[in-house]
2 protein chains.
Amino acid sequence: MSDLLHEAGLARDYLKRVGEIAELRLNEHLPPETVAPHRLHEAMRYSMFAGGKRLRPALTFAAFEAFQGKGDAIWLASSALEMLHTFSLIHDDLPCMDDDDFRRGMPTAHKKYGEATAVLSGDALCIHAFGLLARTGSAQVVGEIAHSLGTYGMIGGQMIDIESEGKPVSLETVDYIHYHKTAALIEASLVVGAILAGATPEEIQPIREYGHAIGLAFQVVDDILDIEQTTEQLGKDAGSDLEKGKATYPSVIGIEASKKKAVELYNTSIAALERSTADTKVMRSIAAFIVTRVY
Amino acid sequence: MSDLLHEAGLARDYLKRVGEIAELRLNEHLPPETVAPHRLHEAMRYSMFAGGKRLRPALTFAAFEAFQGKGDAIWLASSALEMLHTFSLIHDDLPCMDDDDFRRGMPTAHKKYGEATAVLSGDALCIHAFGLLARTGSAQVVGEIAHSLGTYGMIGGQMIDIESEGKPVSLETVDYIHYHKTAALIEASLVVGAILAGATPEEIQPIREYGHAIGLAFQVVDDILDIEQTTEQLGKDAGSDLEKGKATYPSVIGIEASKKKAVELYNTSIAALERSTADTKVMRSIAAFIVTRVY
């Protein structure tokens, strides 16, 4: 366990270091508030700079570095991935969806700017992200991300999540929701970093499996934190999953089995990295961070 | 005028012919209802097959043919363009936006499937469209469309449209709204068809100018029809622009000046085509259709 915490500490340093560059690039890649439509640009920036771990930019850059990637296109992808993640949060928080008033300790987009602007700022971040991905020059990257986001990915997971609220669900359904809603984009973040570094499909495969495992682990830990942490620690309402009757691992298999599941997924992710020929040190540490994080 | 009506008739035949192929391809390109998430796929198909002129597929194919384009990639673009148009309609109709209950004589997506599913089906159509555009293999096409849709395009127009509701607006603002909300994607539809046919930037420029003019004309005529046609003829509430205090050409410059504006835009579009080296017969006829249409 102390090894795991040491590794997690390395990942925290990496997240901080890459996160700072990612923020600078995001600022360059977002339209300025001084240009029309001003209020929409302001709302997009409000949600983008409301905090966040910048996990997806760090993952895409880690995969890029693992394959000795060179050049600036990776920062287009890192900005796009963070915009796509934020788009999903803005729409998830809407009154007709999860109806959340706070996110990372701040009013959600629709509380701050109204529903219409929130819907449009989510739409705009999604579209803007595809524009940035196009600027990488790789149609393959655009396709990979579109697949991870669509009805066979994130949006599909969100749909089944909403349909399952307040109903008894199977472990299979929770697996479906968590893989699609959370893991698919995390997996794609890594794959895109590897593609932009010029990795081959064979080289990418273990990285994809690693991403699948840590993506699921991320959401299992999220479910556990929702129960064990306070509202202040989370920056959003603690216990809200239970209150909303959300399909979570703890609600289906209990909290101890959920913790065991997180460790199993960590082991799966490390086993996948051991089949990789790339320099996987940073990715190993990020896996440790994901299963030991408390926020 | 009788020449114009004759030309419009040719365009109607073309729209019908291309529209039938575009529908078949759309059916292939949309995820099936038999696959999870079933209800979301059903909602996407409901909105996609609720009628519609299939104008954007016809325009992209017309530009493709004008430059002797070959191959199947154009149908990926035609499906994507129609999905993007439908995505915008679904979100525009939401209660927090224009709050419309009917579209093309049928209940809008949120009336039929609820708000959450409507938001997600719009998101999914947008994302799915970018996946199809990626399959053309052209990052340039993805970038062109993303630009025409984002805050400097359609979403920007929708934002200013909503902000302007019920307020006195200038002609400049109506121009801004109509160009961004409607004309930008129409222009991009043509440009993408030309790109996929291998046209050069110099060859594309007059087609872009034609698209700009007919895109604006389309919206000016829409404003006029909202006043002069009945609810039955429109398949949506007639007079709703006035009721909602929408910024329209008739509300700013009056109905006669709006009709004059439509004819001027038609003339501008034809002048642009006269600078083109492509075979512009079909595009000429579509311009005539747009300014003479009654639905």
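A. Broad picture of the overall build of chain A. Looking only at helices and strands, chain A features 15 helices and two strands. Projected onto the principal axes, the alpha-carbon positions of chain A cover approximately 50 × 45 × 30 Å. Counting across all 295 residues of chain A, residues that qualify as buried make up 57%.

B. Layout of the nonpolar core. Counting 204 residues, the largest nonpolar core has Val-142 and Ala-217 of chain A together with Val-142 and Ala-217 of chain B as the members making the most contacts within it. In this view, Val-142 of chain B contacts Phe-130, Ala-134, Ala-139 and Val-142 of chain A together with Phe-130, Leu-133 and Ala-134 of chain B; residues no more than four positions away in its chain are not counted.

C. Quick peek at unusual backbone geometry. Residue Ala-36 of chain A is joined to Pro-37 of chain A through a cis peptide bond whose omega torsion reads -5°. When you line up the elements, Pro-37 of chain A lands in the loop between helix H1 (2–29) and helix H2 (38–48). In this model, Arg-54 of chain B sits at a positive phi of 55°, which is unusual for a non-glycine residue. Despite not being glycine, Arg-104 of chain B shows a phi value in the positive range, around 50°. Its location among the elements puts Arg-104 of chain B in the loop between strand E1 (102–103) and strand E2 (106–107).

D. Looking closely at the relation of the copies chain B and chain A. Superposing chain B onto chain A takes a rotation of 180° plus a shift of 0.0 Å along the axis, which leaves an RMSD of 0.0 Å. In the structure described here, the two chain copies are related by an operation that fits a two-fold rotation axis. Relative to the rotation axis, the C-alpha of Ala-139 of chain B is the closest in chain B, positioned 2.5 Å from it. Comparing interface residues between copies, 100% of those in chain B also sit at the interface in chain A, which points to an isologous, same-surface contact.

E. Structural context of the interface of chain B and chain A. With 40 residues of chain B in contact, the opposing surface of chain A contributes 40 residues. Of all elements in the fold, only helix H2 (38–48), helix H6 (115–135), helix H7 (139–149) and helix H8 (154–164) of chain B reach the threshold of two or more residues within the side of chain B that touches chain A. Ranked by residue count, the leading element in the side of chain B that touches chain A is H6 of chain B, at 13 residues. A class-by-class count of the residues in the side of chain B that touches chain A yields 23 nonpolar, 12 polar and five charged.

F. Summary view of helix H8 (residues 154–164) of chain A. Burial runs high along H8 of chain A: nine of the 11 residues are buried. On its buried side, H8 of chain A packs onto helix H4 (73–93), helix H7 (139–149) and helix H9 (171–196) of chain A together with H2 and H6 of chain B. Taken from the residues just after H8 of chain A, Gly-166 of chain A is the one with a positive phi, measuring 75°.

G. Region of interest: the packing of H1 of chain A against helix H3 (residues 55–66) of chain A. Residues and elements named next belong to chain A. At their nearest, the axes of H1 and H3 sit 9 Å apart, and the two run at 100° to each other. In terms of orientation, H1 lies roughly perpendicular with respect to H3. On H3, the residues that touch Tyr-14, Leu-15, Val-18, Gly-19 and Ala-22 of H1 are Leu-55, Pro-57, Ala-58 and Phe-61. The class makeup of the residues in the contact of H1 with H3 is eight nonpolar, one polar and no charged.

H. Here's a closer look at H8 of chain B. Residues of H8 of chain B that are buried include every one of Met-154, Ile-155, Gly-156, Gly-157, Gln-158, Met-159, Ile-160, Asp-161 and Ile-162 of chain B, and no others. The elements touched by buried residues of H8 of chain B are H2 and helix H6 (115–135) of chain A together with helix H4 (73–93), H7 and helix H9 (171–196) of chain B.

I. Region of interest: the environment of Gly-9 of chain B. All names here are of chain B. With respect to the secondary-structure elements, Gly-9 resides in helix H1 (residues 2–29). Take Gly-9: there are 14 C-beta atoms within 10 Å of it, and that puts it in the partly exposed class. When the C-alpha positions of Gly-9 and Tyr-210 are compared, they lie 20 Å apart, and in sequence the two are 201 residues distant.

J. Looking closely at the packing of H6 of chain A against H8 of chain B. The interhelical angle for the contact between H6 of chain A and H8 of chain B, taken along N-to-C directions, is 170°, at an axis separation of 10 Å. Taken together, the axis directions place H6 of chain A and H8 of chain B in an arrangement best described as roughly antiparallel. When you trace H6 of chain A past H8 of chain B, the crossing you get is left-handed. Residues Ala-116, Leu-120, Asp-123, Ala-124 and Ile-127 of chain A of H6 of chain A touch H8 of chain B, and the partners they reach there are Ile-155, Gln-158, Met-159 and Ile-162 of chain B.

Calculation notes
- Counting of residues starts from 1 at the beginning of each chain's written sequence and follows it residue by residue.
- Here every chain gets a letter starting at A, and every ligand a number starting at 1, in the order they are written.
- Selection of residues for local features in this predicted model requires a pLDDT of at least 70, selection of side-chain atom pairs for listing and counting requires 80 or more, and totals for whole chains, interfaces and linings are taken over all residues.
- Helix and strand assignments come from DSSP, with helices taken as H or I runs of at least 4 residues and strands as E runs of at least 2, each series counted from the N terminus.
- Remark: C-beta atoms are placed from the backbone, and a residue is labelled buried if 20 or more other C-beta atoms sit within 10 Å of its own, exposed if 12 or fewer do, or partly exposed between those counts.
- Any nonpolar core is a set of buried residues, restricted to Ala, Val, Leu, Ile, Met, Phe, Trp, Tyr and Cys, that join up through C-beta atoms within 7 Å.
- Two residues form a contact once the distance between their C-beta atoms, set from the backbone, is within 7 Å.
- Our superposition of the copies is a least-squares fit, built on the C-alpha atoms of residues whose pLDDT is at least 70 in both.
- Note on residue categories: nonpolar means Ala, Val, Leu, Ile, Met, Phe, Trp, Tyr, Cys or Pro, charged means Asp, Glu, Lys or Arg, and polar means any other residue, Gly included.
- The convention used is that axes are lines fitted to C-alpha atoms, helices contributing only their stretch in contact, and that angles between N-to-C directions extend from 0 to 180 degrees.
- Comment on the angle field: the value is read as roughly parallel under 35 degrees, roughly antiparallel over 145, roughly perpendicular from 65 to 115, and oblique elsewhere.
- Helix crossings are classified by the rotation of the near helix relative to the far one: an anticlockwise turn of less than a right angle makes the crossing left-handed, while a clockwise turn makes it right-handed.

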